[in-house]
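# A closer look at the structure
Spelled out, the chains give:
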Amino acid sequence: MSDQIKFIVDSLNKEPFRKNYNLITFDSLEPMQLLQVLSDVLAEIDPKQLVDIREEMPEQTAKRMLNLLGILKYKPSGNATDMSTFRQGLVIGSKPVIYPVLHWLLQRPNELKKRAYLARFLIKLEVPTEFLQDETVADTNKQYEELMETFKTLHKEYEQLKTSGFSTAEIRKDISAMEEEKDQLIKRVEHLKKRVETAQNHQWMLKIARQFRVEKEREEYLAQQKQEQKNQLFHAVQRLQRVQNQLKGMRQTAADAKPESLMKRLEEEIKFNLYMVTEKFPKEIENKKKELHFLQKVVSEPAMGHSDLLELESKINEINTEVNQLIEKKVMRNEPIEGKLSLYRQQASIISRKKEAKAEELQEAKEKLASLEREASVKRNQTREFDGTEVLKGDEFKRYVNKLRSKSTVFKKKHQIIAELKAEFGLLQRTEELLKQRHENIQQQLETMEEKKGVSGYSYTQEELERVSALKSEVDEMKGRTLDDMSEMVKKLNSLVSEKKSALVSVIKELRQLRQKCQELTQECDEKKSQYDSCAAGLESNRSKLEQEVRRLREECLQEESRYHYTNCMIKNLEVQLRRATNEMKAYISSDQEEKRKAIRQVILFLY
């Protein structure tokens, strides 16, 4: 409770309340003052609640606050009797009622502001049905509902735009930066135009440059188109290889496999798929549905505070203790039948877990195999695109290693030559430094001699004249070279364009041939596939006929077997009766009186 009051006091001392309370002054507030503080907090959430409660009846104050708390989805702890206590405490300004409300409100002001704002537009006004019989009222109500739906969609779009990361300040900043870059580019273009206008034949040079740019763009477009066609060709070749491999595998399975092995493989696949569909996937779907239902339930619940979490933890502990007590009672009973059933249940659960684990391992292995195959194909494609060759294997790799070794020996020799050249360069650099020092000494001696003779600066002037004349000759030579270079560049561009056109002609022809070949192969693949489907359908019909015949023969066999057993039993019964009749005849015909007395006839006569 003290932590709750401390949080309330700290929040009320901040913006926008600025109450300047401490724990003692806040705890000593009168009920009316406490209700005024609650009204001020509610007014910060909804401005319509800004009321002086001294000018309002207590029932109206309680009704107004209860209405807003209901809109904000505040749930006081307790049952129906506690709800009546809560209402009474709100009317009289009871601290045990006001403090939890203030704590809950001050924990989430922004969320509650949004909820109060939406409640102004989304709480539907209930119109009685007798008033809706009027067409005007019905139309107005319909427009009201349509406007409410429009508000919902607009508010959702507004929230999405708020959370999307775009802000007007950043957009304005980007626009201003782009405008600055535009101004800089305009200035650079004008400056370059002024520089170009001073040159001779600048219009012709601009035309040549424009043509050069157009051809360059066209060359890039053609290169891109060529690359796309190469990619299409590569994908077509891959598709062709894949189809050929599938066709080869189908032929091998059709040639080597027997109907029994095919049936066995199909039965295994059917069993695995049935297990996945009937046992594994429904359990996963059920678990996901439970998790989704739980998450929806969590989302629909209002935000919980620290006190709510403590209350839930206490409930969980109580339920856990009850569960433990029930388990102990069950163990104390120690029923033998239940023990045997629990043993079988444990074995069944262990087997089901093992089955699920193996199914998951099989699924993971299949996914891993597929990912590894994709990764291997990607790596092969990358190596082929990188240098246009396949991955080296066996003898090719050995030859590549030998080639690298020979190159390494050549590299070592070149490295040794570079080291010798570096040493020679060091010597030449040192010689250059010595010559520079000597030149400086001679220059100083020359300057002193010029000062003595009275002609100081003569050598410097002569050097400057020579330098300027050399620069002039270089500039003239550069101008002539530039014109020659531009004419040569134009010739090279024209020749390159013609070469690219001629090179692309052969590539386009090859591509057409390959496309035609690809169409023929796809047609052949479709024909083979239709043949395979018809063959598989024939085998399936034959298999079903054979199964029906086998079933019929088994039923006949069972009937004959039962008839055989019945006949055999009848024969044995008749044999026993025949044996008894012969014994009776022997005893009746016998001359021995004792044997006669054993006969059934004599026994019956004796009895009667």
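Presented here is a report on the structure given in the accompanying data block. (Residues numbered from 1 in each chain as written. Predicted model: local features only at pLDDT ≥ 70, side-chain atom pairs only at ≥ 80, totals over all residues. Heavy atoms only, no water.)

Turning our attention to the packing of helix α1 (residues 2–13) against helix α6 (residues 95–107). Here α1 crosses α6 at 55 degrees, and the two axes come no closer than 9 Å. Between α1 and α6, the interaxial angle falls into the category oblique. Like other packed secondary-structure pairs, α1 and α6 cross with a definite hand, here left-handed. Contacts from Gln-4, Ile-5, Phe-7, Ile-8, Ser-11 and Leu-12 of α1 reach α6 at Tyr-99, Pro-100, Leu-102, His-103, Leu-106 and Gln-107. Here the residues of the contact of α1 with α6 sort into 8 nonpolar, 4 polar and no charged. (Axes fitted to C-alpha atoms, helices over the stretch in contact; angles between N-to-C directions. Helix = DSSP H or I, 4+ residues; strand = E, 2+ residues; numbered from the N terminus. Parallel < 35°, antiparallel > 145°, perpendicular 65-115°, else oblique. Left-handed = near helix turned anticlockwise from the far one by under 90°. Contact = heavy atoms within 4.5 Å. Nonpolar A, V, L, I, M, F, W, Y, C, P; charged D, E, K, R; others polar.)

It is worth spelling out the packing of aromatic side chains at this point. One pass over the structure, following the stated rule, counts 7 aromatic pairs. Relative to Phe-26, the ring of Tyr-21 lies with its centre 5.8 Å away and its plane at 50 degrees, an arrangement referred to as tilted. Between Tyr-117 and Phe-121, the aromatic rings sit 5.3 Å apart at their centres with planes inclined by 70 degrees, giving edge-to-face as the arrangement. Remark: Phe-121 and Tyr-117 occur in helix α7 (residues 109–122); sequence separation between them is 4 residues, near one turn of the helix. (Phe/Tyr/Trp six-rings, centres within 6.5 Å; stacked < 30°, edge-to-face > 60°.)

Residues Leu-12, Phe-26, Leu-38, Leu-72, Leu-102 and Leu-105 are the most contacted members of the largest nonpolar core, which totals 33 residues. Those elements that provide at least two residues to this core are α1, α3 (31–45), α4 (58–71), α5 (80–92), α6 and α7. With 8 residues, α6 is the largest single contributor of residues to this core. Setting aside its immediate chain neighbours within four residues, Phe-26 contacts Ile-5, Ile-8, Val-9, Leu-12, Tyr-21, Leu-34, Tyr-99 and Leu-102. (Core = buried A, V, L, I, M, F, W, Y, C linked by side-chain atoms within 4.5 Å. Buried < 20%, exposed > 50% of the residue type's maximum accessible area, 1.4 Å probe, protein only.)

Another aspect to go through is α1. Taking 1.5 Å per residue, 12 residues should reach 16 Å; α1 reaches 17 Å between its end C-alpha atoms and fits that length. For α1, the full list of buried residues reads Gln-4, Ile-5, Ile-8, Val-9, Ser-11 and Leu-12. Projected onto a plane normal to the axis of α1, the buried residues spread over an arc of 165 degrees and lie on a single side. Opposite the buried face of α1, at more than 90 degrees from it, the exposed residues are Ser-2 and Asp-3. Against the buried residues of α1 lie α2 (23–27), α3 and α6. (Expected span 1.5 Å × (residues − 1). Arc of directions from axis to C-beta.)

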